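The chain contents come next:
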Amino acid sequence: MNVILVAAECAPWSKTGGLGDVVGSLPKALARRGHRVMVVTPRYGNYAEAQDTGVRKTYRVNGHDLEVKYFQAFIDGVDFVFIDNPVFHHLERNIYGGSRLDILKRMVLFCKAAVEVPWHVPCGGVCYGDGNLAFIANDWHTALLPVYLKAYYRDHGLMKYTRSVLVIHNIAHQGRGPVDDFFLVDLPEHHIDLFKLYDPIGGDHFNIFAAGLKAADRVVTVSHGYAWELKTSEGGWGLHGIINDNDWKLRGIVNGIDNKDWNPEFDVHLKSDGYTNYSLETLSSGKAKCKAALQKELGLPVDKDVPVIGFIGRLDQQKGVDLIGEAIPWLMGQDVQLVMLGTGRPDLERMLRQFESQHHDKIRGWVGFSVKMAHRITAGADILLMPSRFEPCGLNQLYAMNYGTVPVVHAVGGLRDTVKPFDPFSESGVGWTFNSADSGKLVDALGNCLWTYREYKKSWEGLQRRGMTQDLSWDNAAQQYEEVLLAAKYQW
Ligand SMILES: *[C@@H]1O[C@H](CO)[C@@H](O)[C@H](O)[C@H]1NC(C)=O
C-alpha cells in the first residue's frame, strides 16, 4: 500500500515527546514490510537534508490565501515531505506555542496542504496518487485530516480509495475551543455537529479530536491498557462516549522502540567517559562498568553493591514525581542511590534540587533534558522508576528493559501492557507494578524490588535477561498497523 503519516512533530527534526519518536520510527518499519511510505510534517527549521521540490500551492485559512512550499528528502526507505510556510518557522522548540487560534490556524493549513500531497508532490519523480492510499493522522493536531478527506473529497467522489487512520497518543489534548472556532476550520455549516460536544468540563464546545474520531476509518491507540482506559469516564477526558460509540474501529497497538538508537550494544553515548557498550553476553560486566561511570560522572560514591534507581521524564503530576517526593523519607533510610533527570514544574524542580542538597551522597537531580544523560542513566541504573498517573504507552520502560534495567511502574496504560510483574515462584515477569497512584504502594513495590536485588541475585539476573530478550522492535508493531490499514481498506 501507499501510506502517508501526517504529524505535527517528527524526530529527529522536531520532538516534544513519544509522538515525535513514533513518527520517526514507525514509517521505516512499514517501509521494511514493502509499503511505499511517506511522512508529512511542518518545516519548522532549515533542515539540511530536505530539498525544495519547487511545488507551490495555495490554501485558504481564515479568509487569507497562504502559499505553501514542499521540501522533500528520502531517508532509510521513507519519503519525508516538509510543508513550508512562515507560520511554522522557528517553532521547532515550541511546536504547540502561540495562542489557541494561532495553533488552530497552523493545523488547518497543515492538514489542508497534507491531504493533497499525494496529488502534487513527486517523490522519486512520481506522486503517490490517491489509489490504494491510507493516511495515518496523529493526535488532535492532525485530526482535521480525516474530516477534510471526507468532507472535501470523498463526499464528492474524489480520493475514493483513500482511507484514514487516526492514532491517539494522548487524549488529554483535544483542540477544544468555543463553538465559534468552527468557522475557522472552513467546512460547510452542516459539519458543525461533528465537532460539537457537551461535557461537564467544557460545556457546549468545539472539539477537533471528537470530529477526527468520528470521521476516521480506523482508530489506533498506543496500548491495550490505554484503549481500555479511554472508554472510561476517568480516562476518556470527555471523549469516552464517542470512543465507546466507535469501539468497533478502535485497536490498541503498543509502540516499538528504535533498536538502532536505543540498543546497549551500539549505543554511541556509552563509548566514552568510562561507559561501555554491552550485550546480553557481556551484561553483568558491561552494566557494572556503566554504573560505576554514572556514579563517577554524577559525583556519587562509586559502589557496585548499592542499587541505583533512575527516573527520567517530565517533572509533573502526570509522571508522578510528587509520589517519589512523598517516598523520599523512606527511600533515604535505604542503602540506595536515586538519579532523576527531567524538567517541568518549577516547584518540582525546586523539590529535586532541595533533595539533592539534603542527601548529597544519595540523590542527584539533573534539571534539564539531555539525550546523552538519558542513555547513560538507562544503562547505568539498576532500576527505573515510573510512577506515572497515566501513560498511554511509555517508552522509557521499554528502553530500560532493553538495557537490562528493571522497571518499577504504576500499572496503567502501556505500563500495564509491557511490564509483566515478577513472579518468584515461576521465575517469570520483567519488573514490579503497583496498582494505584499512591506513594505507599510505590514503597511496597520498590521494597520488594530492592529485596530481590540484594538477596536473590539469580532471580535478578533472570529479570534482566527476560527484559532484554523481548521483541520490543517496531517490526512487530508495524505488522499490526498493517492489519489496521488493510481493515480500513477492505472493511468499512
Ligand atoms: C561495542 O560496539 C562495537 C561497535 O562499535 C562492537 O564491535 C562491539 O562488539 C561492541 N561490544 C559489545 C560488548 O557489545
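Every residue gets a number counted from 1 within its own chain, in the order that chain's sequence is written. Two thresholds apply to this predicted model, a pLDDT of at least 70 for residue-level local features and 80 or more for giving and counting side-chain atom pairs, whereas whole-chain, interface and lining totals are computed over all residues. With hydrogens and water stripped out, all remaining heavy atoms of the structure feed into the side-chain values.

K.L.:
Quick question: what am I supposed to make of the overall build of the chain here?
P.N.:
A tally of regular secondary structure across the chain gives 17 helices and 18 strands. In terms of overall dimensions, the chain is globule-like: its C-alpha atoms have a radius of gyration of 23 Å, near the 23 Å expected for 492 residues. Viewed in the frame of its principal axes, the chain has a C-alpha envelope of about 70 × 50 × 40 Å. Throughout, exposure labels follow a simple rule: accessible area from a 1.4 Å probe, protein chains only, divided by the maximum for the residue type, with under 20% read as buried, over 50% as exposed, and the rest as partly exposed. Burial statistics for the chain: of 492 residues in total, 60% are counted as buried. Whether two residues are in contact is decided by their heavy atoms, any of which lying within 4.5 Å being enough. Sequence-distant contacts, at least 24 apart, represent 72% of the contacts inside the chain between residues at least 6 apart. Surface accessibility of the chain: about 19500 Å² in total, with carbon and sulfur atoms responsible for 52%. Here Asp and Glu are counted as negative and Lys and Arg as positive; His is not counted, and neither are the chain ends. Charge positions are represented by NZ for Lys, CZ for Arg, CG for Asp and CD for Glu. Taking the average location of the 52 positive side-chain charges in the chain and that of its 57 negative ones, the two points are 2 Å from each other. Helix numbering and strand numbering both begin at the N terminus, where a helix is a DSSP run of H or I of at least 4 residues and a strand a DSSP run of E of at least 2. We compute the radius of gyration over the C-alpha atoms and compare it with the globule rule, which gives 2.2 Å times the number of residues raised to the power 0.38. Residue-level accessible areas treat just the shown protein chains as cover; the underlying method is Shrake-Rupley with a 1.4 Å probe.

K.L.:
For this particular structure, what's the right way to read empty space enclosed by the protein?
P.N.:
A cavity here means a set of 1 Å grid points, computed over protein atoms only, where a 1.4 Å probe fits but cannot escape. A pocket is an open set with protein on both sides within 12 Å along at least 5 of 7 lines, and lining residues have an atom within 4 Å of a point. Grid points are joined across faces, edges and corners, and a volume is the space filled by probe spheres set on the points. This model, assessed by the stated rule, comprises one cavity of 30 Å³ or more. Lining the largest cavity, in full, are Ile168, Leu213, Val219, Ile243, Asn246 and Leu250. Gly is placed with the polar residues, together with every amino acid not listed as nonpolar (Ala, Val, Leu, Ile, Met, Phe, Trp, Tyr, Cys and Pro) or charged (Asp, Glu, Lys and Arg). By residue class, the composition of the lining of the largest cavity is five nonpolar, one polar and no charged.

K.L.:
Just checking my understanding: could you explain the layout of surface pockets for this structure?
P.N.:
To find the voids left in a structure, one rolls a probe of water-molecule size over its atoms. What the second largest pocket holds in volume is close to 400 Å³. Elements that contribute at least two residues to the lining of the second largest pocket include exactly helix H9 (283-298) and helix H16 (457-469). The class makeup of the residues in the lining of the second largest pocket is four nonpolar, two polar and eight charged.

K.L.:
Would you explain the site of the ligand in this entry?
P.N.:
Near the ligand the following residues occur: Glu265, Lys271, Asn277 and Thr282. Under this definition, polar contacts are N or O atom pairs within 3.5 Å; protein pairs additionally need one hydrogen-donor-capable and one acceptor-capable atom, and for neighbouring residues in sequence, both atoms have to be side-chain atoms. In this structure, an oxygen atom belonging to the ligand sits 3.5 Å away from a main-chain N or O atom of Glu265. Lys271 has a polar side-chain atom sitting 2.7 Å from an oxygen atom of the ligand. Here the ligand, which alone exposes 360 Å², has 48% of that area covered by the protein. Looking at the shell around the ligand, its residues break down into no nonpolar, two polar and two charged. We call a residue near a given molecule or strand whenever any one of its heavy atoms falls within 4 Å of it.

K.L.:
Whenever I open this one, the UniProt feature "domain: Starch synthase catalytic" (unreviewed entry) in the chain confuses me. Can you help?
P.N.:
UniProt tags residues 2-244 as "domain: Starch synthase catalytic" (unreviewed entry). Overall, residues 2-244 shows 28% helix and 29% strand. The separation of its end C-alpha atoms is 30 Å. UniProt positions are given in the numbering used here, feature names are shortened, and annotations may be inferred rather than shown by experiment.

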